[in-house]
Amino acid sequence: MGTTSISERDIAQFTPDDVKRLAVRLDQDEYDNPFDGLNDWHLLRAIAFHRPELVEPYIYLLDLEAYDEA
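These notes cover the structure that comes with them. (Residues numbered from 1 in each chain as written. Predicted model: local features only at pLDDT ≥ 70, side-chain atom pairs only at ≥ 80, totals over all residues. Heavy atoms only, no water.)

1. Looking at the nonpolar core
Among the nonpolar cores identified, the biggest contains 16 residues, and Phe14, Val19, Leu22, Leu44, Ile47, Val55 and Leu61 are the most heavily contacted of them. For this core, the secondary-structure elements that each account for two or more residues are helix 2 (16-28), helix 3 (34-50) and helix 4 (52-55). Ranked by residue count, the leading element in this core is helix 3, at five residues. (Core = buried A, V, L, I, M, F, W, Y, C linked by side-chain atoms within 4.5 Å. Buried < 20%, exposed > 50% of the residue type's maximum accessible area, 1.4 Å probe, protein only. Helix = DSSP H or I, 4+ residues; strand = E, 2+ residues; numbered from the N terminus.)

Here it is as structure tokens:
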């Protein structure tokens, strides 16, 4: 099993339609194995950090919570 690396250049090439297709796959959660779903989740998370405007409608899929560090 190999690891996949996503560069900022790769993320810069994502379109809103690409992110929508990714989000639909995650929302349907019909993967052949759990690692495919995890890879998609990590990809959406990477996009969220670098291009948050693309992920805004699908942020619920990441289950991110604000933490109070006080």
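Next comes the rest of the write-up.
2. Description of the side chain of Asp40
Looking at where Asp40 falls in the secondary structure, it is placed in helix 3. Asp40 gets classed as buried once you look at its relative accessible area, which sits at 10%. Among the polar contacts made by the side chain of Asp40, one reaches the side chain of Arg25 at a distance of 2.8 Å. Ignoring sequence-local partners within four residues, the contact set of Asp40 consists of Leu22, Arg25, Leu26 and Tyr31. (Polar contact = N/O pair within 3.5 Å; in protein donor to acceptor, adjacent residues only side chain to side chain. Contact = heavy atoms within 4.5 Å.)

3. Brief notes about the pattern of salt bridges
Considering all chains together, one arrives at three salt bridges under this definition. Residue Arg51 is joined to Glu53 by a salt bridge in which the shortest nitrogen-to-oxygen separation is 3.5 Å. (Salt bridge = Lys/Arg side-chain N within 4 Å of Asp/Glu carboxyl O.)

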